[in-house]
Amino acid sequence: MNGINEVLLLGTVGSDPETKIFNENSRVSTFRLATNETYTGKDGVKKEVTEWHSVEAWNFLSDTIANYVRKGNHIIVRGKIKTDTYDDKEIAGRKLSRTKIVMD
């Protein structure tokens, strides 16, 4: 059985996008997105929790993000969850991971 890897986030852009150009046909824009959840705890006090997401957009979508998205904008992000694993530079043999949203 195949699964579905799809995420839809509505949040606030926390940083201006940074764009890296690899060659004329490959570029990526990255930024941070904050989503907030408000709920009432058992004690009756309202609480707000902010979750930060790393977002990545490639090529044509990267151009759109770079031209129109700025810190403080409210946007909807649709994409998939991707986890990268890499070696720790400071501790040999230790693996680290980073989860991000890749827009599509």
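Because the structure is predicted, anything quoted here is derived from the model rather than measured.

**Student:** Describe in detail the pairing of strand S6 (residues 95–103), supporting the description with residues and values.
**Tutor:** Direction of pairing for strand S4 (residues 46–58) relative to S6: parallel, over a ladder of two bridges. Across the sheet, the residue bridging to valine 55 is isoleucine 101, located in S6. Pairing between strand S5 (residues 74–87) and S6: nine bridges, direction antiparallel. Looking at the pairing, aspartate 84 lines up with arginine 98 of S6.

**Student:** Describe the side chain of serine 62, and please don't skip the residues or the numbers.
**Tutor:** By the element assignment, serine 62 lies in helix H1 (residues 59–68). The residues contacting serine 62, other than those within four sequence positions of it, are Thr19, Arg27, Val28, Ser29 and Ala57.

**Student:** Residues and numbers for the nonpolar core, please.
**Tutor:** Membership of the largest hydrophobic core comes to 13 residues, with the highest contact counts inside it found for Phe31, Leu33, Val55, Val77 and Met103. With three residues, the single largest contributor to this core is strand S1 (residues 7–13). Residues within four places of methionine 103 in sequence aside, it is in contact with Phe31, Val55, Glu56, Ala57, Leu61, Ile65, Val77, Arg78 and Gly79.

**Student:** Quick rundown of unusual backbone geometry? Include the residues and the values.
**Tutor:** Even without being glycine, asparagine 59 reaches a positive phi, approximately 55°. Looking at the element boundaries, asparagine 59 is found in helix H1.

**Student:** Summarise the environment of asparagine 67; cite the residues concerned and give the values.
**Tutor:** Its place among the elements puts asparagine 67 in helix H1. On the accessibility criterion, asparagine 67 (54% relative accessible area) is exposed. Along the primary structure asparagine 67 and proline 17 are separated by 50 residues, whereas in three dimensions their C-alpha atoms are 9.2 Å apart.

**Student:** Describe the pairing of strand S2 (residues 18–23), naming the residues involved and giving the relevant values.
**Tutor:** Of all the six residues making up S2, zero are buried; the element is thus mostly uncovered. The pairing of S2 with strand S3 (residues 26–40) spans five bridges and is antiparallel. Residue pairing across strands places isoleucine 21 opposite arginine 27, the latter belonging to S3. What sits between the antiparallel neighbours S2 and S3 is a turn of two residues.

**Student:** I'd like a description of the pattern of salt bridges, backed by residues and values.
**Tutor:** Enumeration over the complete set of coordinates arrives at six salt bridges. Between arginine 78 and glutamate 6 there is a salt bridge, and its shortest N-O distance comes to 2.7 Å. Of this pair, arginine 78 sits in strand S5 while glutamate 6 sits in the segment before S1, and the two are 72 residues apart along the sequence. Judged by relative accessible area, arginine 78 falls into the partly exposed class, the value being 44%. The exposure class of glutamate 6 is partly exposed, given its relative accessible area of 48%. For the salt bridge of arginine 27 with aspartate 63, the shortest nitrogen-to-oxygen distance reads 2.7 Å. With a gap of 36 residues between them, arginine 27 in strand S3 and aspartate 63 in helix H1 connect regions that are remote in the sequence.

Calculation notes
Residues numbered from 1 in each chain as written. Predicted model: local features only at pLDDT ≥ 70, side-chain atom pairs only at ≥ 80, totals over all residues. Heavy atoms only, no water. Pairing = 2+ DSSP bridges. Helix = DSSP H or I, 4+ residues; strand = E, 2+ residues; numbered from the N terminus. Contact = heavy atoms within 4.5 Å. Core = buried A, V, L, I, M, F, W, Y, C linked by side-chain atoms within 4.5 Å. Buried < 20%, exposed > 50% of the residue type's maximum accessible area, 1.4 Å probe, protein only. Salt bridge = Lys/Arg side-chain N within 4 Å of Asp/Glu carboxyl O.

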